[in-house]
Amino acid sequence: PRGVDINIFSPKKVSSARLINAAKKISIEGNDRIILLPGRLTNWKGHKLAIKAISNLKVKNFKLVIIGDLQGRIKYKNELIDLATSLNLSNKVTFINHTRDLPSYLMLADVVLSCSTKPEAFGRTVLEAQAMGKPVIAFDHGGSVELIKENENGTLCKVADVNDLAINIEKVLQLSAYKRKVLSKKSISNVNKKYLTKFMCKKTLSLYIKLIKNFREKNINN
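For every chain, the first residue of the written sequence is number 1, and numbering continues from 1 onward in sequence order. With pLDDT at 70 or above as the cut-off, local features in this predicted model cover only qualifying residues; side-chain atom pairs require 80 or more to be listed or tallied, and sums for whole chains, interfaces and linings still use all residues. To obtain the side-chain values, all non-hydrogen atoms of the structure were used and water was disregarded.

**Regarding the sheet that holds strand β3 (residues 93-96)**
(1) Moving on: What makes two strands pair is DSSP finding at least two bridges between them. The helix and strand labels rest on DSSP assignments: H or I over at least four residues marks a helix, E over at least two residues marks a strand, and numbering proceeds from the N terminus. Spatially, β3-β2-β1-β4-β5-β6 is the arrangement adopted by the six strands of the open sheet, whose pairing is parallel. Edge positions in the sheet fall to β3 and β6 (155-157), since each has one partner strand and no second. Between one strand axis and the next, the sheet turns through 25° on average, direction left out of account.
(2) Moving on: As paired strands, strand β2 (residues 62-67) and β3 are joined by four bridges and run parallel to one another. Looking at the pairing, Ile67 lines up with Ile96 of β3. Structural elements are reduced to axes, namely lines fitted to C-alpha atoms, with helices fitted over the stretch in contact, and the angle between N-to-C directions of any two is expressed from 0 to 180 degrees.

Shown next, in the form of structure tokens:
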């Protein structure tokens, strides 16, 4: 499995200055709850589903922050803006282009979404959010099934189901401070035990060494 560099993705590594800078860019007001959707702007990342889902929320003090590379898809971004406007959400949806400081935005998030309509082979965004101690909501397919333990470090919801997504966002936003703290500790602990970059490198190198050894032994025996 892919790994997370906790020298970058760790709550302890994000300074107050970086947090303030990120907060200014997304114009946090008062007690805004931040719903973060990281992922490049392409249709299968599920941005439209997220926008439709937040239109069903009962809570009002929230902001959906879509953060990721535009990659020249201006037409698609305009479609997202038009959708938000048609649902009276233009003041609730903010776009941030590619950033070198994703950890700061993750720190500001109350919930992180993974809305990919196609199964991700391995969702590193999910892991990065968990490494920052944040609750994740993801669709119940692909790598997310392996990475999320229900009610421990995140929530799985029905694939491409706007209503189920909205219900789960609402639930997570209403988590008590205590439950958030417990979830945060479990998420960070799970990443540290299984999904660090150093583990990925060690296992990859071990596999190559094993293959080379087997290749040599086979040639010698032949």
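**Observations regarding the packing of aromatic side chains**
(1) Moving on: Pairing of aromatic rings covers Phe, Tyr and Trp, the last counted by its six-membered ring, and requires centre-to-centre distances within 6.5 Å; plane angles under 30 degrees mean stacked, over 60 mean edge-to-face, and any other angle means tilted. In total, this model carries zero aromatic pairs according to the counting rule given.
(2) Moving on: Any Lys NZ or Arg CZ that is within 6 Å of a ring centre and within 35 degrees of that ring's normal is treated as a charge sitting over the ring. Positioned above the aromatic ring of Phe62 is the side chain of Lys92, whose terminal nitrogen or guanidinium carbon lies 4.8 Å from the ring centre.

**Considerations on the environment of Met107**
(1) Moving on: By the secondary structure assignment, Met107 is in helix α4 (residues 102-108).
(2) Moving on: Looking at Met107, the relative accessible area reads 23%, which means it is partly exposed.
(3) Moving on: Met107 sits 88 residues away from Leu19 along the chain, and the two C-alpha atoms are 7.6 Å apart.
(4) Moving on: By definition in these notes, contact holds between two residues if any of their heavy atoms fall within 4.5 Å. Those residues in contact with Met107 that lie beyond four places of it in its chain are Pro11, Val14, Leu19, Met132 and Lys134. Buried, partly exposed and exposed residues are distinguished by accessible area as a fraction of the type maximum, computed with a 1.4 Å probe on protein chains only: under 20%, between the cut-offs, and over 50%, respectively.

**Some words on helix α3 (residues 74-86)**
(1) Moving on: Each residue after the first adds 1.5 Å to the expected span of a helix. A rise of 1.5 Å per residue sets the reference length of α3, with its 13 residues, at 18 Å; its end C-alpha atoms lie 18 Å apart and thus fit the reference within 8%.
(2) Moving on: What α3 keeps buried is the set Tyr76, Leu80, Leu83 and Ala84. With its buried residues spanning 100° around the axis, α3 presents them on a single face. Structural note: α3 exposes Ile74, Lys75, Asp82 and Ser86 on the side pointing more than 90 degrees away from its buried face.
(3) Moving on: In this fold, the buried residues of α3 make contact with α2 (47-54) and β3.
(4) Moving on: Phi for Asn88, located one or two positions after α3, is positive at around 60°. As used here, the arc is the angular range of directions from the helix axis to the C-beta atoms.

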